[in-house]
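Descriptive structure summary
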Amino acid sequence: MKRRTKILTATTLAGILLTGGTALADARGWWPGPKTVRVMLPEGQSNPAIANGVALGGEVAVYQSSGLGPSALNPSAPDGTPERYTDPSLTEGAEGVTITEAQALVVLRNIRTNLEAAGVKPADVITMKAYLAKPPGAEIADYAGWNRAYRQFFANVDLKSQQVVPVPMGTSAPKPPLLVNEARPARATMEVASLAVRGWLVEVEVTATYKKR
C-alpha cells in the first residue's frame, strides 16, 4: 500500500515537509541512512495525531525515559485520589476537563522537563507509550481525555501549512496549545488494571533522538 512518508535527519527532526512514498523507493527500501530518522505518516493527512512507524539509522543517539506519572499538585484533594495528581493552574478557565485529561497534562509537562534535563526536547520525541487506568466508576479508560491532553503538547502543527492548530481542553472551545510541537511519535496507548502509585490514571514513557553534535 502506498504511504506518504516523512524523511528527517537527526539534526532536523522538526520542520521538514512530507515527501511522497515513491521518492523513497530505492534499493534500500525503508532502511535508513546512518544518521537518518525516517517517519512514516498516514497517507493524505496533514495533521495526523501519530506516526505509523519510525526507522532510525545506526548512528542516531537516543534517549529513553522511564514511565512518568503525574505529580501531586492539588493540595485541596485527599491523598491517594486521582484529583490529587492534577494541577489546577493548567486547567484554569477550561470547562469539562476530565480527571484523566487533567492528569495527562501534568504527565506531559513532566515529560517535557525530563527530556530537557537530558538535553532533548518534545520536538525530538519519536516513540511514546501511554498507560491508562480507568477513572473511578468508569467502564473503560478515558482515551478521549488522554488524546485531548496529548494534542496540547504534540502533533498540533499542520505539516502542510505549518500553521498551529487550536486544540480543545475539555469541552471548551479550541485554543492555541500549551506547547507548539509538530512531532508525530509512533505511539501506543493501552488500558492497564492499575499503575504504580495509588491515584494515578496516566503513565507515559518516550524515546527521543539527539541532534548531531
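Structure's up top.
Here's what I pulled together on the structure shown here.

Analysis parameters
- Residues numbered from 1 in each chain as written.
- Predicted model: local features only at pLDDT ≥ 70, side-chain atom pairs only at ≥ 80, totals over all residues.
- Heavy atoms only, no water.
- Pairing = 2+ DSSP bridges.
- Helix = DSSP H or I, 4+ residues; strand = E, 2+ residues; numbered from the N terminus.
- Axes fitted to C-alpha atoms, helices over the stretch in contact; angles between N-to-C directions.
- Contact = heavy atoms within 4.5 Å.
- Buried < 20%, exposed > 50% of the residue type's maximum accessible area, 1.4 Å probe, protein only.

Some words on the sheet that holds strand 7 (residues 186-191)
Pairing within the open sheet is mixed, and its four strands lie in the order 5-8-6-7. Looking at strand neighbours, the two that pair on one side only are strand 5 (62-64) and strand 7, the edges of this open sheet. Strand-to-strand, the axes of this sheet are offset by a mean angle of 10°, without reference to chain direction. Alignment of strand 6 (residues 125-132) against strand 7, held across six bridges, turns out to be parallel. By the bridge assignment for strand 7, M128 is matched with R187. Each of strand 5, strand 6 and strand 8 (202-209) touches helix 1 (residues 99-117); the most contacted strand, strand 8, lies at about 30° to it. Together, strand 6, strand 7 and strand 8 form the strand contacts of helix 2 (residues 143-153), whose direction differs from that of strand 7 by roughly 150°.

Focus: unusual backbone geometry
If you check the backbone angles, A155 has positive phi at about 55° while not being a glycine. On the secondary structure map, A155 appears in the loop between helix 2 and strand 7. Judged by its relative accessible area of 0%, A155 falls in the buried class. One non-glycine residue with positive phi stands out, namely Q162, at about 65°.

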